[in-house]
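# Descriptive structure summary
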Amino acid sequence: MLRKLFIALSKLKWAQRLISKLGFARRASRRFIAGETVSDAVSAIRQLNAAGIQASIDFLGENAQNAEDAAAAAGQLIQCLESIRENQLRANLSIKLSQIGLALDVEICRENLSKILARAAELNLFVRIDMEDSSMTEKTLSMLEWALSSGFDKTGIVIQAYLYRSEEDIQRLALLHARVRLCKGAYSEPPTVAFAAKADVDENYDRLAGDLLEIARDAGYPEATQDGVVPPIPAIATHDPARIEAVVQLMRLMQIPAQAVEFQMLYGIRRDLQQSLAKEGYPVRVYVPFGSQWWPYYMRRLAERPANAWFFISSIFKR
Ligand SMILES: Cc1cc2nc3c(=O)[nH]c(=O)nc-3n(C[C@H](O)[C@H](O)[C@H](O)COP(=O)(O)OP(=O)(O)OC[C@H]3O[C@@H](n4cnc5c(N)ncnc54)[C@H](O)[C@@H]3O)c2cc1C
């Protein structure tokens, strides 16, 4: 119920316009957002890198309203790539295709994506394509397939365990040896396309993680690159200790080298777990969002854990 409310709030443009400019709201958002400028993201990533943790930069923004905004966002994303190299960060880039025009027109998006991927290739950087709501799943997968078949091999995607279709999608991606980030899924989906019960999502998560480990084995266990840029095939993106433990156990059973799987978490969530996995020698990457368009992202974090809303409300009374 509360989850649905926050997801609905995430889509309200007027709420975004009104509330995200208020001082208390901006302060509260800093728990999950590195800041509003690229230099805020760079300093957050420097701290992570110093603790042995890699990062993926996310320049916040989604659903471009016109071709000009989509092209401008692509330009900003290219600047993020350049900042990674200029600052010698152990990081790569995460992008949302709706930010560069996928919801407007496939060709606009393809043109913007090819510019981003061409610059990433020049800089030898990896770009992860985030997964959005289920209206975008097929278009997003097709775009990744186009990118890989066009030679942009340092590109990966995200699969959501709550979708029924994900098992087949993972097999489809296995044919391309695609690098896959597995998450539970952050949007509100109808029962016609997604599991509604948490236990079913968790069970599917474990099954799909197992599939990804087998795919990595069949591909000869490609490892995370030493420079912290290119991840291995499976990226296990969750803060759920039971899911992480299930993967660690399976890795032991299958004798999978630690560098052949990456664990990923969000900025500001379960820092203790991020650090303990890194200390145990596993590659860990933290997703670091920055920018002024933080409202939808922040509302999805509240939807995942409504207890976070109290932190948001209590910050109204703090100076
Ligand atoms: C690196 C990364 C990238 C992601 N990319 C995408 C994407 O492209 N598309 C997409 O749909 N989703 C994405 N997600 C979000 C994901 O789908 C989940 O919504 C989110 O990770 C919460 O699920 P969980 O796996 O942590 O499990 P949950 O069962 O939701 O949570 C497990 C535990 O984690 C902690 N926790 C989880 N969420 C929060 C929170 N918001 N605040 C505080 N504690 C919390 C709590 O301790 C909780 O008990 C991404 C997640 C990560 C980590």
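The following refers to the structure shown. Because the structure is predicted, anything quoted here is derived from the model rather than measured.

Another point: the site of the ligand. Around the ligand sit 25 residues in total, of which Lys-184, Gly-185, Thr-238, His-239 and Glu-304 are the nearest. Between the ligand and the protein, one listed contact pairs an oxygen atom with a side-chain N or O atom of Gln-160 at 2.8 Å. Contact distances for the ligand include 2.6 Å between an oxygen atom and a side-chain N or O atom of Thr-238. Contact with the protein chains hides 87% of the accessible area of the ligand, taken as 920 Å² for the molecule alone. Taken atom by atom, the bulk of the ligand overlaps the largest pocket. Looking at the shell around the ligand, the elements with two or more residues in it are strand 4 (155-160), strand 5 (179-183), strand 7 (262-266) and helix 12 (295-304). For the shell around the ligand, the element with the highest residue contribution is strand 7, accounting for 3 residues. A breakdown of the residues in the shell around the ligand according to their chemical character gives 11 nonpolar, 6 polar and 8 charged. Two domains share the shell around the ligand, each providing at least three of its residues, namely domain 1 (1-20 + 294-319) and domain 2 (41-293).

Put simply, the largest pocket is a space of about 1,300 Å³. Contributing to the lining of the largest pocket are 47 residues, with Arg-3, Lys-184, Gly-185, Ala-186 and Glu-304 lying nearest its centre. Tallied by class, the residues present in the lining of the largest pocket amount to 23 nonpolar, 8 polar and 16 charged. When we break the lining of the largest pocket down by domain, the ones giving at least three residues each are domain 1 (1-20 + 294-319) and domain 2 (41-293). The computed volume of the second largest pocket comes to approximately 370 Å³.

Right, let's get into the side chain of Asp-130. Take Asp-130: it is sitting in the loop between strand 3 (127-129) and helix 7 (137-149). Judged by its relative accessible area of 4%, Asp-130 is buried. Within the local environment of Asp-130, its side chain forms a polar contact with the side chain of Tyr-287, the two groups lying 2.5 Å apart. Apart from the residues within four sequence positions on either side, Asp-130 is in contact with Ser-94, Ile-95, Lys-96, Thr-140, Val-158, Arg-181 and Tyr-287.

As a further point, take the sheet that holds strand 7. Overall, parallel pairing links the 8 strands, which are arranged 1-2-3-4-5-6-7-8 in a closed barrel. Within the sheet, the average angular offset between the axes of one strand and its neighbour, ignoring direction, is 30°. With respect to the sheet, helix 6 (residues 106-123) is in contact with strand 2 (91-95), strand 3 and strand 4, its orientation differing from that of strand 3 by roughly 150°. Each of strand 4 and strand 5 is contacted by helix 8 (residues 166-174), which is oriented at about 160° to strand 4, the strand it contacts most.

In this section: the pattern of salt bridges. Counted according to the given criterion, the structure contains 25 salt bridges. The closest approach of N and O atoms between Asp-218 and Arg-217, which form a salt bridge, is 3.4 Å. For Asp-218, a relative accessible area of 61% gives the class exposed. Through salt bridges with shared partners, a single network forms among Lys-184, Lys-198, Asp-202, Asp-206, Asp-240 and Arg-243.

About the criteria used
Every chain is numbered on its own, with residues counted from 1 as its sequence reads. Reporting of local features is limited, given that this is a predicted model, to residues whose pLDDT is at least 70; pairs of side-chain atoms are given and counted only at 80 or more, and all residues count toward the totals for whole chains, interfaces and linings. To obtain the side-chain values, all non-hydrogen atoms of the structure were included, while hydrogens and water were left out. Nearness is defined per residue: one heavy atom within 4 Å of the molecule or strand is enough. By the criterion applied in these results, polar contacts are pairs of N or O atoms within 3.5 Å in which, for protein atoms, one can donate a hydrogen and the other can accept it, and in which residues neighboring in sequence qualify only through two side-chain atoms. We get accessible surface area from the Shrake-Rupley algorithm with a probe of 1.4 Å; when it comes to residues, only the shown protein chains can shield them. Here the term cavity refers to a set of points on a 1 Å grid, laid over the protein atoms alone, in which a 1.4 Å probe fits but cannot get out; the term pocket refers to an open set having protein on both sides within 12 Å along at least five of seven lines, with lining residues being those that place an atom within 4 Å of a point. Those molecules having more than half of their atoms within 2 Å of a cavity or pocket grid point set are described as sitting in that cavity or pocket. The helix count covers DSSP runs of H or I at least four residues long, the strand count covers runs of E at least two residues long, and both are numbered beginning at the N terminus. Put simply, Ala, Val, Leu, Ile, Met, Phe, Trp, Tyr, Cys and Pro go in the nonpolar bin, Asp, Glu, Lys and Arg in the charged bin, and everything else, Gly too, in the polar bin. In this document the domain limits rely on a domain assignment from an automatic tool or a database. Grid points are joined across faces, edges and corners, and a volume is the space filled by probe spheres set on the points. With a 1.4 Å probe rolled over the protein chains alone, any residue whose accessible area is under 20% of its type maximum counts as buried; one over 50% counts as exposed, and the rest are partly exposed. Whether two residues touch is decided by their heavy atoms; if any such pair falls within 4.5 Å, the residues are in contact. Paired strands are those between which DSSP finds at least two bridges. Axis lines are fitted through C-alpha atoms, for helices just across the contact stretch, and the angle between N-to-C directions can take any value from 0 to 180 degrees. By convention in these notes, a salt bridge is any Lys or Arg side-chain nitrogen within 4 Å of a carboxyl oxygen on Asp or Glu.

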